[in-house]
Amino acid sequence: MEILALLGVLLLVYLSFAVSASAGLGGSLVLVPTLVVFLGSKEGIALAALLLASNNVLKIATYRKTLPFRAAVGVVLLLVLGAAAGSALLVAAPVWVVTAGVVAMFVATLIAERFELQLARAGFAPVLSFASGATSGFSGTSGPLKGVAIRNLDLDRRHFVGAASLASFAGDATKTAIFAEAGLLGRQAVLLALAAVPLMALGTWTGSTFNNRAGERRFAMLFWTVMTGYTVRLGILLA
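Rules of the game
- Counting from 1, residues in each chain are numbered in the order their sequence is written.
- Local features in this predicted model are restricted to residues whose pLDDT is 70 or higher, and side-chain atom pairs enter the listing and the counts only when it is 80 or higher, whereas totals over whole chains, interfaces and linings include all residues.
- Calculated side-chain values reflect all of the structure's heavy atoms, with hydrogen atoms and water omitted.
- Here an axis means a line fitted to C-alpha atoms, over the contact stretch when the element is a helix, while the angle between two N-to-C directions is reported on a 0 to 180 degree scale.
- Numbering goes from the N terminus for both helices and strands, where a helix is a DSSP run of H or I of at least four residues and a strand is a run of E of at least two.
- Here the angle decides the label: under 35 degrees means roughly parallel, over 145 means roughly antiparallel, 65 to 115 means roughly perpendicular, and every other value means oblique.
- Here a crossing is taken to be left-handed if its near helix is turned anticlockwise relative to the far helix by less than a right angle, and right-handed if that turn runs clockwise.
- Contacts are residue-level and defined by heavy atoms, with any inter-residue pair within 4.5 Å sufficient.
- In this classification, Asp, Glu, Lys and Arg are treated as charged, Ala, Val, Leu, Ile, Met, Phe, Trp, Tyr, Cys and Pro as nonpolar, and every other residue, Gly included, as polar.
- As a per-residue measure, pLDDT reflects the predictor's confidence and takes values from 0 up to 100.
- Both cavities and pockets are sets of points on a 1 Å grid over the protein atoms alone; in a cavity a 1.4 Å probe fits but cannot get out, in a pocket the set is open with protein on both sides within 12 Å along at least five of seven lines, and lining residues sit with an atom within 4 Å of a point.
- Grid points are joined across faces, edges and corners, and a volume is the space filled by probe spheres set on the points.

Caption draft 1: Structural view of the packing of helix 2 (residues 27–39) against helix 10 (residues 187–213). Contact pair helix 2 / helix 10: the axes reach a minimum separation of 11 Å and the direction vectors enclose 140°. When the axis of helix 2 is compared with that of helix 10, the two are oblique. As helix 2 runs across helix 10, the sense of the crossing is right-handed. Along its contact with helix 2, which presents L35, F38 and L39, the element helix 10 presents Q188, A189 and L192. Classifying every residue of the contact of helix 2 with helix 10 gives 5 nonpolar, 1 polar and no charged.

If you want it as structure tokens, here you go:
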């Protein structure tokens, strides 16, 4: 049973990498709850940050020709600042507070989604970027906040994934450094990370291939499907 559980975890890890490489984000939608259930709240969030940061290195290499550095620099910097603040809170907080924070983040995300168009038109992307990093650092996932912030840059699908990869790598690398210093990763987490390495390459290839073949309309459908997934997960957590 333990072996079957591990294989199930690795399958979901691969799926998270494939979704992330195709849509630019959404990997945490699958990865964070999987690892939290398998390892516990703090260690699961810390390992998710490590895996997502490592996977984003491959995504950056894959989308290297469509990395919009100039357009994404503001989003990246604010996301890093938010991630550092959120991660510091996670390290200091008791486990029950972290778990409650995950639920609270999804409630806030649902409210943000309701007003997203008005916020985007008002130039709210910088605030969304910082909030994205902060919620990601504390709960392991930023919900649709990061997606809405980057979507507001009006990029095509390849440049969107490039921008999301840059922002995600910067945020996840910041979180990983803080979590590593705090010693949140145990032996089981390290072994699982090593087992996930080949899945990163396979998942990135799968997602990139889909993104390359999809038109802008199909990509938009994928993007909003991921956004809907965050909302569905909110309902599950609150049930």
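Caption draft 2: Molecular detail of the environment of V30. Summarising the element assignment, V30 is placed in helix 2. Note: C-alpha distance between V30 and S20 (10 residues apart in sequence) is 9.8 Å.

Caption draft 3: Spatial organisation of the confidence of the model for the protein. Summarising the model, the protein shows a mean pLDDT of 74, and 69% of its residues fall at 70 or more. At the level of individual helices and strands, the protein shows its lowest average pLDDT in helix 6 (residues 116–121), which scores 47, and its highest in helix 10, which scores 86. Scored below 50 in pLDDT, residues 117–122 makes 3 contacts in the model with residues more than four places away or belonging to other chains.

Caption draft 4: Looking closely at the layout of surface pockets. Of the volumes computed, that of the second largest pocket is approximately 150 Å³. Sorting the residues of the lining of the second largest pocket by element identifies helix 1 (2–23) and helix 10 as the ones contributing at least two each. Looking at the lining of the second largest pocket element by element, the count peaks at 4 residues for helix 10. Classifying every residue of the lining of the second largest pocket by side-chain character gives 5 nonpolar, 1 polar and 1 charged.

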